[in-house]
Amino acid sequence: MTTGAADRGVLKAPVHGLTVLYDAECALCTHLRNWLARQSQLVPLELVPAGSAEARARFPGLDHSASLDEVTVVGDSGQIYQGSRAWIVVLWALREHRPLAHKLSTPAGAKLARGAVLAAAMWRGAQRGAGHWNRGGAVYRRADGWTYHPQRGWAYEPPPCSGGACATG
């Protein structure tokens, strides 16, 4: 018996593993990370906080400030997917959601996927305004040392040493 999965190249997929970089300080991002961890995966997903020491060590050539700004997925052969394409490839990796990924990869579906990613970005932006931005709304600071300046973009400043111990990585 032949399945629909076999005729779509599932057994010969060029991607054998994906690393999903997510914002560990974003409630929506961590909720989706936990949801992904519970899903049946056809392609294994590794879930790594964006901008973390692990992410920087594993992907030294990646723009880590961009991976903090929008979801980024890295394939096991170095493929990089961002934004709506990242979500489509993640859905493709999930047993129950691969058919949806195929629909979202069409021109019409891509518009829907982009709209969903933009809606999530708007929600994240609203959450940042609820206490993570400074009083004037000009600077966003993360606990891991990343700072966003609207005029200059993302910058990394390591957290200060405390008690004689300094963070490394």
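Residues numbered from 1 in each chain as written. Predicted model: local features only at pLDDT ≥ 70, side-chain atom pairs only at ≥ 80, totals over all residues. Heavy atoms only, no water.

Taking an unreviewed UniProt entry as the reference, the protein chain is identified by name as DUF393 domain-containing protein belonging to Streptomyces cynarae.

A closer look at the pattern of salt bridges
Using the following cut-off: Put simply, a salt bridge is a Lys or Arg side-chain nitrogen that is within 4 Å of an Asp or Glu carboxyl oxygen. Strands here mean DSSP runs of E at least two residues long; helices mean DSSP runs of H or I at least four residues long; both are numbered from the N terminus. Type-normalised accessible area, obtained with a 1.4 Å probe on protein chains alone, sets the label of each residue: buried when under 20%, exposed when over 50%, and partly exposed for intermediate values.
Applying the stated criterion across every chain yields a total of two salt bridges. Between Arg58 and Glu46 there is a salt bridge, with its nearest N and O atoms 3.2 Å apart. Of the two residues, Arg58 sits in helix α2 (residues 53-58) while Glu46 sits in strand β2 (residues 45-49), which places them twelve residues apart along the sequence. When its relative accessible area of 33% is taken as the criterion, Arg58 is described as partly exposed. Judged by relative accessible area, which is 42%, Glu46 ranks as partly exposed. With a closest N to O distance of 3.3 Å, Glu54 and Arg58 form a salt bridge.

Focus on the packing of aromatic side chains
The way to describe two aromatic rings as a pair is by their centre distance and the angle between their planes. Heads up, the rule is: When the centres of two rings from Phe, Tyr and Trp lie within 6.5 Å, Trp using its six-membered ring, the rings pair. Their planes under 30 degrees apart give stacked, over 60 give edge-to-face, and anything left gives tilted. Either the NZ atom of lysine or the CZ atom of arginine qualifies as a charge over a ring when it sits within 6 Å of the ring centre and within 35 degrees of the ring normal.
If you walk through the whole model with that rule in mind, you get zero aromatic pairs. Above the ring of Trp92, the side-chain terminus of Arg98 is found at 4.1 Å from the ring centroid.

Thoughts on the layout of surface pockets
Put simply, the rule reads: Whether a set of points on the 1 Å grid over the protein atoms alone is a cavity depends on a 1.4 Å probe fitting there but being unable to get out, while an open set qualifies as a pocket with protein on both sides within 12 Å along at least five of seven lines; lining residues are those with an atom within 4 Å of a point. Grid points are joined across faces, edges and corners, and a volume is the space filled by probe spheres set on the points. In the scheme used here, Gly and all other residues not listed as nonpolar or charged are polar, with Ala, Val, Leu, Ile, Met, Phe, Trp, Tyr, Cys and Pro taken as nonpolar and Asp, Glu, Lys and Arg as charged.
The computed volume of the second largest pocket comes to approximately 290 Å³. Taken together, 16 residues form the lining of the second largest pocket, with Tyr81, Arg85, Ile88, Val89 and Ser105 sitting closest to its centre. Mapped by element, the contributors of at least two residues to the lining of the second largest pocket are β4 (80-82), α4 (84-93) and α6 (107-128). Here the element with the most residues in the lining of the second largest pocket is α4; it accounts for five residues. Taken together, the residues of the lining of the second largest pocket sort by class into eight nonpolar, five polar and three charged.

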